Amino acid sequence: MEDAVSRLESVKSNISKAEVAARAAGTVTLVAVSKTFDADAIRPVIGAGQRVFGENRVQEAQGKWPALRAEFPDIELHLIGPLQSNKAKEAVALFDVIETVDREKIAAEIAKEIARQEKAPRLYVQVNTGLEEQKAGIDPREAVAFVARCRDVHGLAIEGLMCIPPFDENPGPHFALLEKIAREAGVEKLSMGMSGDYETAIRFGATSVRVGSAIFGTR
Ligand SMILES: *Cc1c(COP(=O)(O)O)cnc(C)c1O
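Residues numbered from 1 in each chain as written. Predicted model: local features only at pLDDT ≥ 70, side-chain atom pairs only at ≥ 80, totals over all residues. Heavy atoms only, no water.

1. Quick notes on the overall build of the protein chain
So, step 1. Within the protein chain one finds nine helices and eight strands.
So, step 2. Computed over C-alpha atoms, the radius of gyration of the protein chain comes to 17 Å, within 12% of the 17 Å expected from 2.2 N^0.38 for 219 residues, which places it in the range of a compact globule.
So, step 3. A principal-axis box enclosing the C-alpha atoms of the protein chain has dimensions of 50 × 40 × 30 Å.
So, step 4. Expressed as a percentage of its 219 residues, the buried residues of the protein chain come to 49%.
So, step 5. By sequence separation, contacts in the protein chain at least 24 residues apart represent 58% of the contacts at least 6 residues apart.
So, step 6. Taken together, the 28 basic and 32 acidic charged side chains of the protein chain have centroids lying 1 Å from each other. (Helix = DSSP H or I, 4+ residues; strand = E, 2+ residues; numbered from the N terminus. Rg over C-alpha atoms; globule rule 2.2 N^0.38 Å. Buried < 20%, exposed > 50% of the residue type's maximum accessible area, 1.4 Å probe, protein only. Contact = heavy atoms within 4.5 Å. Lys, Arg positive; Asp, Glu negative; His and termini not counted. Charge placed at Lys NZ, Arg CZ, Asp CG, Glu CD.)

Written as structure tokens, this is what we have:
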């Protein structure tokens, strides 16, 4: 039976192979998505050298990461799930990267908390490339202007864009659209690709991939 550490090694080796085709070696960041898994399941993966993790709920992350961080101070934690404005304070306090900035109100709340806490997580704008009603993220047609407003109105530096393609569609066109928007908006980082399509995402220019079940197992 394969465990999380050997699955982590396979994912890393697949990432290296995809990098060879697409870009310089070692330039894609693996965000290990640990949502629903507890500290005991996460610790061996940290032990194997993984330092960048993603969580999709603020409250769940608050329950397990402060203690793990006390053990491993060089952890980098990404928020990859939708952010409610009443959780902005906790999110700014806990996360190193917030990948899900997607509307004016959240941008304003994050800006307020950054000023108050004197702590500035790196920020990505989530783009709803499939225009799915149930999915978070800004309309792709408004994304360039939104990135500019984050900067000009709220004083927020947006480092990258993030997307989750519709699960029943070929992801390639969605990755290509995100890459095009990033170029137009002048942002460098692209968070795209999950367990089923991270190698494809790297070919389309992903600078980070968010991989959960291919490492931790089915949820
Ligand atoms: C859960 C999740 C992932 C990881 O999904 P897997 O298919 O398990 O790799 C990636 N991104 C987001 C936003 C998620 O919520």
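Back to the text.
2. Focus: the site of the ligand
So, step 1. Contacts to the ligand come from Val33, Lys35, Ile80, Met162, Ile164, Met194, Ser195, Arg210, Val211, Gly212, Ser213 and Arg219.
So, step 2. One nitrogen or oxygen atom from the side chain of lysine 35 is found 2.7 Å from an oxygen atom belonging to the ligand.
So, step 3. Within the contact set of the ligand, an oxygen atom lies 2.8 Å away from a side-chain nitrogen or oxygen of arginine 219.
So, step 4. Computed on the free molecule, the ligand has an accessible area of 390 Å², of which 89% lies beneath the protein chains in the complex. (Near = heavy atom within 4 Å. Polar contact = N/O pair within 3.5 Å; in protein donor to acceptor, adjacent residues only side chain to side chain. Areas by Shrake-Rupley, 256 points an atom, 1.4 Å probe, with all protein chains shown as cover.)

3. Brief notes about the packing of helix H2 (residues 39-47) against helix H3 (residues 58-71)
So, step 1. In the contact formed by H2 and H3, the axes pass within 11 Å of each other and the chain directions differ by 35 degrees. In this structure, H2 meets H3 at a crossing whose hand is right-handed. Taking contact as the criterion, the partners of Ala39, Ile42, Arg43 and Ile46 in H2 are, on H3, Lys64, Trp65, Leu68 and Glu71.
So, step 2. Within the contact of H2 with H3, the residues separate by chemical class into five nonpolar, no polar and three charged. (Axes fitted to C-alpha atoms, helices over the stretch in contact; angles between N-to-C directions. Left-handed = near helix turned anticlockwise from the far one by under 90°. Nonpolar A, V, L, I, M, F, W, Y, C, P; charged D, E, K, R; others polar.)

4. Things to note about the packing of helix H6 (residues 143-152) against helix H7 (residues 172-185)
So, step 1. Where H6 meets H7, the axes come as close as 9 Å, and the angle between the chain directions of the two elements is 45 degrees. Judged by the inter-axis angle, H6 sits oblique to H7. Taken as a pair, H6 and H7 cross one another with a handedness that is right-handed. Contact with H6, carried on its side by Ala143, Val144 and Val147, involves Ile181, Glu184 and Ala185 of H7 and no other residues of that element.
So, step 2. When the residues that make up the contact of H6 with H7 are grouped by side-chain class, the tally is five nonpolar, no polar and one charged. (Parallel < 35°, antiparallel > 145°, perpendicular 65-115°, else oblique.)

5. A word on helix H5 (residues 104-117)
So, step 1. Taking 1.5 Å as the rise per residue, H5 with 14 residues should run 20 Å; its terminal C-alpha atoms sit 20 Å apart, in good agreement.
So, step 2. Residues of H5 that are buried make contact with helix H4 (88-94), strand E4 (97-101), strand E5 (122-126) and H6.
So, step 3. Phi turns positive, to about 50 degrees, at glutamate 118, one or two residues after H5. (Expected span 1.5 Å × (residues − 1).)

6. Observations concerning the pattern of salt bridges
So, step 1. In total, this model carries 18 salt bridges according to the counting rule given.
So, step 2. Across the salt bridge formed by glutamate 9 and lysine 12, the nearest N and O atoms sit 3.8 Å from each other. Residue glutamate 9 and its partner lysine 12 are located together in helix H1 (residues 4-22), separated by three residues, close to a single helical turn.
So, step 3. Owing to a relative accessible area of 36%, glutamate 9 belongs among the partly exposed residues under this scheme.
So, step 4. Salt-bridge contacts for aspartate 139 lead to arginine 141; the nearest nitrogen and oxygen are separated by 2.7 Å.
So, step 5. Judged by its relative accessible area of 66%, arginine 141 falls in the exposed class. (Salt bridge = Lys/Arg side-chain N within 4 Å of Asp/Glu carboxyl O.)

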